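Take a look at the letters that make up each chain.
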Amino acid sequence: MPRAKRVEIEEQDITGLKYFRQIGSLLQTLHDVGCERDRAGNRSLLMDQYCSLMLLYLFNPIVTSLRGLQEASELKKVQKKLNCPRTSLGSLSESVAVFDSERLKPIIAALGDKLAPIAKDSRLQDIKHTLTLVDGTVISALPRIAMACFPDAQSSNGGLMNWTLHTHFEVDRHVPTRMDITPTAGGKYDERAVMERVVESDRTYVMDRGYAKFELFNRIVDAGSSYVCRIRNNSVYDVVSQRELSDADQAAHVLCDEIIQLGSGSAKSKPNHRLRLIQIKMAPHQKRTRYGGKKTGPSCDGILRIVTNLTDVPAEIIALMYRYRWTIEIFFRFFKHMLGCRHLLSHSQNGIEIQTYCAIIASMLISLWTGRKPTLRTYEMICWYFTGMCDEEELLSHISKLKKQND
């Protein structure tokens, strides 16, 4: 089947650019990034302009590629509203090699400070630390992209390279607060090793069984944080004491609540703190196989085993906290399928990280504009506005309805 003809981007296809002014002052801090070596003053595309174009790509479904972004930069409306010059495809591809993606992190933090908590569950009011979900999602890319960033990574996906976006997601504000990009190659890139390097204080980390590691548990507690983590079905432990279950615990399908000693006697390291095991009844399921032989995950025997160092929190609340872990899975779907981050616009590590961090900024902007967590319906409405299919009055009406739901 012949490839569909690419649609040329016209002036009338790009609307709603005034909303980018709200981020313009923050992006202005990036203006001189990468210009240290440009003594002749020849650089025309600067980092703040590149990030503005990246946000335009994320919010405008008409722009679907780097070539489309280059065409958008030729439009007078885009040049005027984004203060961006006409740029070439080569400039877009090569200039990110001198940009520093780390400079976007303070902008993410500044936007995060403006976000108010979104309708926090009243049952979690007594959790003193920030509830933070931790997980990773895999993105596949061509080997030439990944090998340029991580020469020691190996291809294991039919000629494609897999890498992981290690993500920390705050439940209260419903936004990711950091993403670390590594190849899916184990060793120093293993999810637990990456997590150990970025542990912060005053957080309650909610993690799946892939993060179950004694050294990581100790690192979290030593940092002044806490954790709620699922462990594997075959984990070895000794029961120290049993805790009585309340009616609320039993209503939450909690089977038992125990103080345990985790690990065998021959283990080189063990948790250096008191550990609690909560077992919850759930529907058992068997491991399924996708097309191509890929596995969907390990089987479950019908019992969810959760360990935590929170010894003074009711078992039903621990169960509730772990149930929130699925929120990050929903965000990953929004991130890859709605914001289009399955398609990478750059072949350099800086460029890939810039696209990822701009996607986080886009999610935060939606929350700031609407006062609610990003949803498919709201994202679609914003995209309709940016493509001219709905006017500003209709967009503001949609946002107004969302804010009334919060009141």
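Novice: How would you summarise the overall build of the chain if you had to cite specific residues and measurements?
Specialist: Helix and strand content of the chain: 15 helices and 9 strands. Here the chain, with 407 residues, has 51% of them falling under the buried criterion. Partitioning the intrachain contacts of the chain with sequence separation of at least 6 by distance along the chain shows that 64% fall at a separation of at least 24. A total accessible area of about 20,100 Å² is found for the chain, and carbon and sulfur atoms account for 49% of it.

Novice: Explain the side chain of Glu-170 to me, and be specific about the residues and the numbers.
Specialist: Here Glu-170 lies in strand E2 (residues 161-170). Separated by 3.1 Å, the side chains of Glu-170 and Arg-203 make a polar contact. Among residues more than four places away in sequence, those in contact with Glu-170 are Thr-130, Leu-131, Thr-132, Val-175, Thr-177 and Arg-203.

Novice: Describe the pairing of strand E5 (residues 226-230), listing the residues and the values that go with them.
Specialist: Burial runs high along E5: 5 of the 5 residues are buried. By the alternation rule, side chains of E5 split into Ser-226, Val-228 and Arg-230 and Tyr-227 and Cys-229, which are all buried. Bridge analysis of strand E4 (residues 203-207) against E5 gives 4 bridges, and the strand direction is parallel. Counterpart to Thr-204 in the pairing with E5 is Ser-226. Note on the crossover from E4 through helix H9 (residues 214-222) to E5: the handedness is right-handed. Relative to strand E9 (residues 303-308), E5 is paired through 3 bridges, and the arrangement is antiparallel. Residue Arg-230 lies in a different strand from E9, and its bridge partner there is Ile-306.

Novice: Break down the packing of helix H12 (residues 326-338) against helix H13 (residues 349-370) for me, with residues and values.
Specialist: Where H12 meets H13, the closest approach of the two axes is 11 Å, and the angle between their N-to-C directions is 110 degrees. Classified by the angle their axes make, H12 and H13 are roughly perpendicular. Taken as a pair, H12 and H13 cross one another with a handedness that is right-handed. Residues Phe-331, Phe-334 and Phe-335 of H12 lie in contact with H13, whose contacting residues are Thr-356, Ala-359, Ser-363 and Ile-366.

Novice: Describe the pattern of salt bridges, and please don't skip the residues or the numbers.
Specialist: For the coordinates displayed, the defined rule picks out 13 salt bridges. Asp-257 is the salt-bridge partner of Arg-243, the closest N and O atoms lying 3.3 Å from each other. Taken as a pair, Arg-243 in strand E6 (residues 237-243) and Asp-257 in strand E7 (residues 254-262) lie far apart in primary sequence, 14 residues in all. Exposure remark for Arg-243: the relative accessible area of 27% places this residue in the partly exposed category. The exposure class assigned to Asp-257 is buried, which follows from its relative accessible area of 2%. Three or more residues joined by partner-sharing salt bridges are found here, namely Asp-135, Asp-208, Arg-325 and Glu-329.

Novice: Give a detailed account of the packing of aromatic side chains, specifying residues and quantitative values.
Specialist: In this structure the tally under the stated criterion is 5 aromatic pairs. Between the aromatic rings of Phe-331 and Phe-332, the centroid separation amounts to 6.2 Å while the plane-to-plane angle is 50 degrees, which identifies the pairing as tilted. Residue Phe-331 is classed as buried on the basis of its relative accessible area of 6%. Judged by its relative accessible area of 3%, Phe-332 is buried.

Novice: Explain the environment of Gln-261 to me, using residue names and the numbers behind them.
Specialist: Checked against the element boundaries, Gln-261 lands in strand E7. Linking Gln-261 and Asp-238, residues 23 residues apart in sequence, is a C-alpha distance of 5.1 Å. Excluding residues that lie within four positions of it along the chain, Gln-261 makes contacts with Tyr-237, Asp-238, Val-240 and Lys-270.

Novice: Before we move on, can you summarise the nonpolar core with the specific residues and values?
Specialist: Counting residues in each nonpolar core, the largest one holds 90 residues, and the members touching the most others are Leu-53, Leu-58, Leu-104 and Met-321. It is H13 that contributes the most residues to this core, 12 residues altogether. Excluding its chain neighbours within four sequence positions, the residues that come into contact with Met-321 are Leu-124, Ile-127, Leu-131, Thr-204, Val-206, Val-228 and Leu-310. Core analysis: the next-biggest nonpolar cluster, separate from the first, contains 19 residues, Val-134, Tyr-211, Phe-217 and Leu-277 among them.

Novice: Tell me about the side chain of Thr-132, and name the residues and values.
Specialist: Positionally, Thr-132 belongs in strand E1 (residues 130-141). The exposure class assigned to Thr-132 is buried, which follows from its relative accessible area of 1%. Here Arg-203 takes part through its side chain, which lies 2.8 Å from a polar atom of the side chain of Thr-132.

Novice: Go over unusual backbone geometry with me, naming the residues and quoting the values.
Specialist: Its identity as a non-glycine residue notwithstanding, His-174 has a phi of 55 degrees, on the positive side. Its identity as a non-glycine residue notwithstanding, His-253 has a phi of 70 degrees, on the positive side. You can see His-253 is positioned in the loop between helix H10 (247-251) and E7. Overall, the relative accessible area of 49% leaves His-253 in the partly exposed class.

Novice: Can you break down the packing of helix H2 (residues 47-59) against H13 residue by residue, with the values?
Specialist: Their axes nearest at 9 Å, the elements H2 and H13 cross at an angle of 65 degrees. The way H2 lies across H13 gives a crossing that is right-handed. Between H2 and H13, the contacting residues are Met-47, Tyr-50, Cys-51, Met-54, Leu-55, Tyr-57, Leu-58 and Phe-59 on the first element and Ile-354, Gln-355, Cys-358, Ala-359, Ile-361, Ala-362, Leu-365, Ile-366 and Trp-369 on the second. Looking at the contact of H2 with H13 residue by residue, the classes come out as 16 nonpolar, 1 polar and no charged.

Novice: Talk me through the environment of His-166; I want residue IDs and the actual numbers.
Specialist: Here His-166 is to be found in strand E2. Here the alpha-carbon distance between His-166 and Tyr-189, two residues 23 residues apart in the chain, equals 9.8 Å. Discounting chain neighbours no more than four positions away, the residues touching His-166 are Asp-135, Gly-136, Arg-178, Met-179, Asp-180, Thr-182, Tyr-189, Asp-190, Glu-191 and Val-194. Here Thr-182 takes part through its side chain, which lies 2.7 Å from a polar atom of the side chain of His-166.

Calculation criteria
Residues numbered from 1 in each chain as written. Predicted model: local features only at pLDDT ≥ 70, side-chain atom pairs only at ≥ 80, totals over all residues. Heavy atoms only, no water. Helix = DSSP H or I, 4+ residues; strand = E, 2+ residues; numbered from the N terminus. Buried < 20%, exposed > 50% of the residue type's maximum accessible area, 1.4 Å probe, protein only. Contact = heavy atoms within 4.5 Å. Areas by Shrake-Rupley, 256 points an atom, 1.4 Å probe, with all protein chains shown as cover. Polar contact = N/O pair within 3.5 Å; in protein donor to acceptor, adjacent residues only side chain to side chain. Pairing = 2+ DSSP bridges. Right-handed = clockwise from strand over helix to strand, strands pointing away. Axes fitted to C-alpha atoms, helices over the stretch in contact; angles between N-to-C directions. Parallel < 35°, antiparallel > 145°, perpendicular 65-115°, else oblique. Left-handed = near helix turned anticlockwise from the far one by under 90°. Salt bridge = Lys/Arg side-chain N within 4 Å of Asp/Glu carboxyl O. Phe/Tyr/Trp six-rings, centres within 6.5 Å; stacked < 30°, edge-to-face > 60°. Core = buried A, V, L, I, M, F, W, Y, C linked by side-chain atoms within 4.5 Å. Nonpolar A, V, L, I, M, F, W, Y, C, P; charged D, E, K, R; others polar.

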